[in-house]
Amino acid sequence: MNAKNAIKLVDVEIAGEVIIDKKCSKCKKSICCNSINQKIPAPKSKEDFDHLLWQISHQGINVFKDADGWFLLIETNCSHLLEGGVCGIYDNRPWVCREYTNDFCEFDESIEEASEIFFSTHKQLEKYCRKRFKKWDKRFTIYD
Ligand code: SF4
Ligand code: SF4
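Quick look at the structure, then. If you're wondering where the values come from, they're calculated on a predicted model, not measured in any experiment. (Residues numbered from 1 in each chain as written. Chains lettered and ligands numbered in written order. Predicted model: local features only at pLDDT ≥ 70, side-chain atom pairs only at ≥ 80, totals over all residues. Heavy atoms only, no water.)

Remarks on the pattern of salt bridges
Note the threshold: Counted as salt bridges are all cases of a side-chain nitrogen of Lys or Arg within 4 Å of a carboxyl oxygen of Asp or Glu. The way it works is that DSSP assigns letters per residue, a run of H or I at least four long becomes a helix, a run of E at least two long becomes a strand, and they are numbered from the N terminus. Here's how the labels work: a residue is buried when its accessible area is under 20% of the maximum for its type, exposed when over 50%, partly exposed in between, all with a 1.4 Å probe on protein chains only.
One pass over the full model with this rule turns up five salt bridges. Across the pair Asp108 and Lys23 runs a salt bridge whose closest N-O atoms are separated by 2.6 Å. Separated by 85 residues along the polypeptide, Asp108 in the loop between helix H3 (95-99) and helix H4 (111-114) and Lys23 in helix H1 (residues 22-26) bring together distant segments of the chain. With relative accessibility at 37%, the residue Asp108 sits in the partly exposed group. Between Asp50 and Arg139 there is a salt bridge, and its shortest N-O distance comes to 3.0 Å. Separated by 89 residues along the polypeptide, Asp50 in helix H2 (residues 46-56) and Arg139 in the segment after helix H5 (122-132) bring together distant segments of the chain. A residue is classified by how much of its surface remains accessible, and Asp50, at 26% relative accessible area, is partly exposed. When salt bridges with common partners are traced through the structure, they connect Glu126, Arg130 and Asp137 into a single cluster.

Focus on the packing of H2 against H5
Note the threshold: Between the N-to-C directions of two axes lies an angle of 0 to 180 degrees, each axis being a line fitted to C-alpha atoms and, for a helix, fitted only over the stretch in contact. Our angle categories are set so that under 35 degrees counts as roughly parallel, over 145 as roughly antiparallel, 65 to 115 as roughly perpendicular, and the remainder as oblique. The criterion used for residue contact is that any of the two residues' heavy atoms lie within 4.5 Å.
Across the interface, H2 lies against H5 with an axial gap of 9 Å and an inter-helix angle of 170°. Judged by the angle between their axes, H2 and H5 are roughly antiparallel. When H2 is examined against H5, the residues Phe49, Leu52, Leu53 and Ile56 are found in contact with a partner set consisting of His122, Leu125, Glu126, Tyr128, Cys129 and Arg132.

Let's talk about H2
Side chains three or four residues apart in an α-helix point the same way, a direct result of the helix having 3.6 residues per turn. Stated formally: Arc definition: it is the arc formed by the directions from the helix axis to the C-beta atoms.
Turning to H2, its buried residues are Phe49, Leu52, Leu53, Gln55 and Ile56. Looking down the long axis of H2, one finds its buried residues gathered within 160° of arc, a one-sided arrangement. Next to the buried residues of H2 lie strand E3 (35-40), strand E4 (61-66), strand E5 (69-75), strand E8 (117-119) and H5.

Pasting the structure below:
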């Protein structure tokens, strides 16, 4: 999870009772607690993209590029997220979660909408690779 993807999920606490912020309470999927953005080196070679194709073949793995570079978007639920969007370790939550605010978050604009390039399937990424590399289909020939 990077800074973009952490959360200040519970930001009002009254008399020991935890109250979920209004905006977050409308976010039924608790989007930012259920995914991780992992920055990766910018892929350049056919080998780099071939490796990304392997990664995106796995469930819950997406690849995107925005102004900050290339990332894996990994859809995976935080084990501390409780029913109703409450963080089970709120007082002890990681720094990346503390830093995050919901002023403008994935509830307002999805990563797919905000990114320059977004791939959610092997097919989409492979199509991109074919356009980017003329000899994409010959990338394995040196190993034959
Ligand atoms: S994505 Fe935004 S609205 Fe949804 S839980 Fe995270 S901070 Fe709250
Ligand atoms: S630790 Fe808490 S705030 Fe951080 S992602 Fe998990 S549930 Fe959300």
